[in-house]
Amino acid sequence: MKTTIRSPIGGLASLSALLIILQPSSLCGQGTAFTYQGRLDSGGAPASGIYDFTFALYNAPTLGGQWGTTLTNSAVAVSNGLFTTTLDFGAVPFVGGDLWLRIGVRTNGGGFFTILSPRQQLTPTPYAIWAGGAQSASSVAAGGVTSAALANGAVTSGAIADASIGAGDLSPGLLNNTFWRLDGNAGTTPGAHFLGTTDNQAVELRANNQTAFRILPNPASPSLVGGAAANFVAPERAGAFIGGGGDGAGNLNVANGDYTAVVGGYQNSAVGTAAFVGGGSTNRATATASFVGGGTKNRAVNDYAVVAGGNNNHANGSYAAILGGNFNSADGSNSVVAGGFGNAAISESTFIGGGFANWISGSRSVLGGGEFNTVTNTHATLGGGLRNLLTGSGGTIGGGLFNTNLARESVIAGGAYNEIRAPWSTIGGGRSNSLPSLLASDATIAGGSQNTVSAGLATVGGGSRNSIVHPSSAGVIGGGTANSIASGALQATGVTIGGGISNSVSSSPWATIGGGLNNTVDDFSSGSVISGGSQNTIDTNAAYSAVGGGANNQINFGDYAAIGGGRSNSVSGAYAMIPGGLRNSAGGAASLAAGYRARANHDGSFVWADNTDADFASTADNQFAVRATGGLMINSLQATNTVLDLRGGGGLRVAGAGVNTATPIFTHRATAANITGSETRIDHPHCNNRPNAILILTYNFNPAGLPGTRNDRPFGLYYNGAQWAIYNLDGAAMPVGAAYNVLVANP
């Protein structure tokens, strides 16, 4: 007999056709084996190699019941498409009636067998037809066959007329527990009474003459096959289970591993030892203790891998798990994808919570969700967001979008378009902030936009377009816009800019700008401070100097100098100071200028100028120069006691002058001790040894409230080399008790 079979074969996707030739081994009836010859094509060409085949006989082209056992012929050689094997079903199947051959094939030692469809009907050859009736007569005379002539088992139920056997014809034992009754049995003994077979044959249960459940024998543990007759458990498998499902249209379930289970569904297969598929369709559990709960087209292909459900999910790593979703993959061992779509956990011990098209290739990392996020290094965490990239080991991106963290143990909390390349650094959020250099380790940008830090231990609190440039370590910009800390000839360590706009510090460690606009601390001005204001400058070589505020103020080459405020003031002397005002300058060391257009040009000078629109400058070191066109008044501690009142009109008023005082105006009294002839010597520290002193004298006729001596004579002054003396111009003797008011001015 010659038959052509065309059907897809699992595991041999390129096999296109199978040609079968059945030929009896003899015509003499000495045996039941016969030769099976066939042709196997693969991919349209004759196949060559070693293949395994299964053969089973059924009494119907579909469904029906199996006749005899299932034969498995392993390691059948196929050469140039041709093969030959021997089949022996015994004599029982070929006693009459049509039979169909169910064939399965696989590569030698491969996965499960693929059952070819349709079944092939067995047809006789002409000699086989004659041989089938050789052991029986064509006709028998009535009464010609006696009981003794009948062989054991020769009379079947079909030869017995219905209702011709009564209860008396049956042994009493047959009415007890030698068969299972429709209304149940009583008195059964566990272990002694059973429903089943005693030989190596399967037990089959049917419904509506369709196979519904089979028990397949195995020395270690029987296998249970429910559902469609096409559902398949290989005979050599122990303890396998198919609960149901499948159909006769090729959508069979397969449990082809020891202790595997397929609960239901269709086109599901559990191949690995103790593998499990709960249901759904086209699911595969192909490794030891692998698990697919349901869904469709899911794969658990490594030991202890789990796919709970969903669609097209692949757990490829050992101990990997996918809880649901679509088109997810868990390739690393111990990796987990909770759900979502198109997520991939490539490395071991990774986790993806969900989202869309997320990717982890760094071991022991976590990706919470979001879309198109990527983690490529170990121990990293990415919470979610959109198109974030995390490549640093131990790094973190909390969320946001288009953030990039390329450094180890660094953090981007959120925001958008932020970038870190520096280890142990942080960006809190904001937009387009950057830590672009490996040198910016331990740096922080709290937020804002377009801020940049390339120096270690530096911090930008927020704002926009602020920058701290290497090697300006440990610097701080609190906020504002376009503020900068940069190092030139000297590293700007520990610099602070509180905020404001376009403020800058360069090469001046420990300098500070509190805020304001366009304020600058230049090179080599360590520890200097500009509190605020606008366009104030501490220029080169002005260490530890300070500008309190104002506008357009400048300190040049003046260490420890200060400008309190005002506008357009300038200091160029060390320790010099301008408290405020307008267009003042202090160029001398330790000098001070105040008011308007005051010029303290000499060391130690103090120049105060009133509101007159003209420069007023010092003329010597240690000089106190005052321009007060409205006059000068000096008060004592008592508000009503004016010590010195120098009036604008030229008047002078001095309080507290008198005998035994140390004031520049005092009273001189002629005594016997200081009179020599017509003169009296003045002994006072304001004019002793001061030949250039200027003395102004008036009479005092009542000194200190005492009666005085009148000296009406004209008098004059002269310096005798050590002291000044008053003398009468006419040469008359100077009377004792004469008193004079003396005003001393020392140029």
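It should be noted that the structure appears before, not after, this text.
What this report covers is the structure whose coordinates are included nearby. As a convention, each chain's residues are numbered from 1 in the sequence order in which they are written. The predicted origin of the model limits local features to residues at a pLDDT of at least 70 and limits the giving and counting of side-chain atom pairs to 80 or more, whereas totals for whole chains, interfaces and linings rest on all residues. The side-chain numbers reported here are obtained from all heavy atoms of the structure, hydrogens and water having been left aside.

A few words now on the overall build of the protein. Helices and strands together make up the secondary structure of the protein, namely one helix and 72 strands. Partly exposed describes any residue whose relative accessible area lies between the buried limit of under 20% and the exposed limit of over 50%, with all areas from a 1.4 Å probe on protein chains only and scaled to the type maximum. Expressed as a percentage of its 747 residues, the buried residues of the protein come to 39%. Throughout, a contact is declared for two residues whenever any of their heavy atoms are within 4.5 Å. Across the protein, the fraction of contacts at a sequence separation of at least 24, relative to all contacts at a separation of at least 6, is 17%. Areas reported here follow the Shrake-Rupley algorithm with a probe of radius 1.4 Å; residue values treat only the protein chains shown as occluding. Element-wise, carbon and sulfur atoms account for 55% of the exposed surface of the protein, whose accessible area totals about 34,600 Å². Here a helix means four or more residues in a row that DSSP labels H or I, a strand means two or more in a row labelled E, and each is numbered from the N terminus.

Glancing now at the sheet that holds strand 68 (residues 679-682). If you trace the four strands from one edge of the open sheet to the other, you get 67-68-71-70, paired in antiparallel fashion. The sheet is open, and its two edges are formed by strand 67 (675-676) and strand 70 (715-719), each paired on a single side. Here five bridges tie strand 70 to strand 71 (residues 724-728), and the two strands are oriented antiparallel to one another. Paired with L717 across the two strands is I726, which belongs to strand 71. Here the rule is simple: two strands pair whenever DSSP picks up at least two bridges between them.

A separate point is the side chain of N536. Position of N536 relative to the elements: it lies in the loop between strand 50 (529-530) and strand 51 (537-538). A distance of 2.9 Å separates a polar side-chain atom of N536 from the backbone nitrogen of N553. Throughout this description, a polar contact denotes any pair of N or O atoms lying within 3.5 Å of each other; where both atoms belong to protein, one of them has to be capable of donating a hydrogen while the other can accept it, and for residues adjacent in sequence the pair is counted only when both atoms sit in side chains.

Centre distance within 6.5 Å is the pairing criterion for rings of Phe, Tyr and Trp, where only the six-membered ring of Trp is used; planes under 30 degrees apart are then read as stacked, over 60 as edge-to-face, and the remainder as tilted. Counted by the stated rule, this structure contains 17 aromatic pairs. Here, a charge over a ring is recorded when the distance from Lys NZ or Arg CZ to the ring centre is within 6 Å and its angle to the ring normal is within 35 degrees. Looking at R387, its charged tip hangs above the ring of F372, at a distance of 4.2 Å from the centre.

What follows deals with the sheet that holds strand 72 (residues 739-745). Here three strands make up an open sheet; going across it, the order is 66-72-69 and the pairing antiparallel. Of all the strands in the sheet, just strand 66 (665-669) and strand 69 (694-699) have a single pairing partner and so form its edges. Shown here is a sheet whose adjacent strand axes are inclined to one another by a mean of 30°, direction ignored. Pairing geometry for strand 66 and strand 72, over five bridges, is antiparallel. Within the sheet, the bridge partner assigned to R669 lies in strand 72 and is A739. Working convention: axes come from line fits to C-alpha atoms, limited for helices to the stretch in contact. Angles between N-to-C directions cover 0 to 180 degrees.

Turning to unusual backbone geometry, a few remarks are in order. In this chain, H470 is followed by P471 through a cis amide linkage whose omega measures 5°. Here P471 shows up in the loop between strand 43 (467-468) and strand 44 (476-477). At N209, a residue that is not glycine, the phi angle is positive and equals roughly 60°.

What follows is about the environment of I538. Here I538 lies in strand 51. Overall, the relative accessible area of 0% leaves I538 in the buried class. For the pair formed by I538 and A562, sequence separation is 24 residues and the distance between their alpha carbons is 9.6 Å. Residue contacts for I538: discarding those within four places in its chain leaves T520, V521, D522, S525, S528, V529, I530, S545, A546, V547 and I555.

As a further point, take the environment of D258. With respect to the helices and strands, D258 occurs in the loop between strand 15 (254-255) and strand 16 (261-262). By relative accessible area, D258 is classed as partly exposed at 24%. Considered as a pair, D258 and V233 are 25 residues apart in the sequence and their alpha carbons are 9.5 Å apart. Apart from the residues lying within four places of it in its own chain, the contact partners of D258 are E236, R237, A238, G272, T273 and A274.

Residues V607 and A609 point to one face of strand 60 (residues 606-609) and are all buried, whereas F606 and W608, pointing to the other face, are not buried. Two strands pair when backbone bridges link them, and strand 58 (residues 592-595) and strand 60 are joined in this way by four bridges, in the parallel orientation. Paired with G595 across the bridge in strand 60 is A609. Pairing of strand 60 with strand 62 (residues 624-627), which is carried by four bridges, proceeds in the parallel orientation. Paired with F606 across the bridge in strand 62 is F624.

With that settled, the discussion passes to the environment of S349. As for its placement among the helices and strands, S349 is situated in the loop between strand 27 (344-345) and strand 28 (351-352). Among the residues examined, S349 registers a relative accessible area of 27% and is labelled partly exposed. Note: C-alpha distance between S349 and S333 (16 residues apart in sequence) is 6.2 Å. Beyond its immediate sequence surroundings of up to four residues, S349 is in contact with S333, N334, S335, R364 and S365. In terms of polar contacts, S349 uses its side chain to reach the side chain of E348, at 2.7 Å.

Right, let's talk about the pairing of strand 68 for a bit. Relative to strand 68, strand 67 is paired through two bridges, and the arrangement is antiparallel. When the bridges of strand 68 are listed, I675 appears paired with T680. Connecting strand 67 to the next strand, strand 68, in antiparallel fashion are two residues, including G677 with a positive phi near 65°.

What follows is about the nonpolar core. Among buried residues, those of type Ala, Val, Leu, Ile, Met, Phe, Trp, Tyr and Cys that are joined through side-chain atoms within 4.5 Å constitute a nonpolar core. Counting 70 residues, the largest nonpolar core has L435, V453, I468, I555 and V571 as its most contacted members. Of all elements in the fold, only strand 59 (598-600) and strand 60 reach the threshold of two or more residues within this core. If we skip the residues at most four places from it in the chain, V571 touches Q554, I555, N556, A561, A562, I563, A576, I578 and A586. With 19 residues, the next largest nonpolar core counts Y51, L57, V76 and L116 among its residues.

Locating N218 in the fold gives a position in the loop between strand 12 (210-216) and strand 13 (223-226). Side-chain polar atoms of N218 contact the backbone nitrogen of A220, separated by 2.9 Å. Look past the residues within four positions of N218 in its chain and what remains in contact with it is P235, E236, R237 and A238.

This next bit is on a nonpolar patch on the surface. A surface patch of nonpolar side chains, amounting to about 430 Å² of accessible area, comprises F606, W608, F624, V626 and L632. When contributions to the nonpolar patch are tallied by element, the ones reaching two or more residues are strand 60 and strand 62. Take V626: its relative accessible area is 30%, and that puts it in the partly exposed class. Here, patches come from residues exposed beyond 30% relative accessible area and free of salt bridges, joined within 9 Å for like charges and within 5 Å for nonpolar side chains (Val, Leu, Ile, Met, Phe, Trp, Tyr). A carboxyl oxygen of Asp or Glu within 4 Å of a side-chain nitrogen of Lys or Arg is what we treat as a salt bridge.

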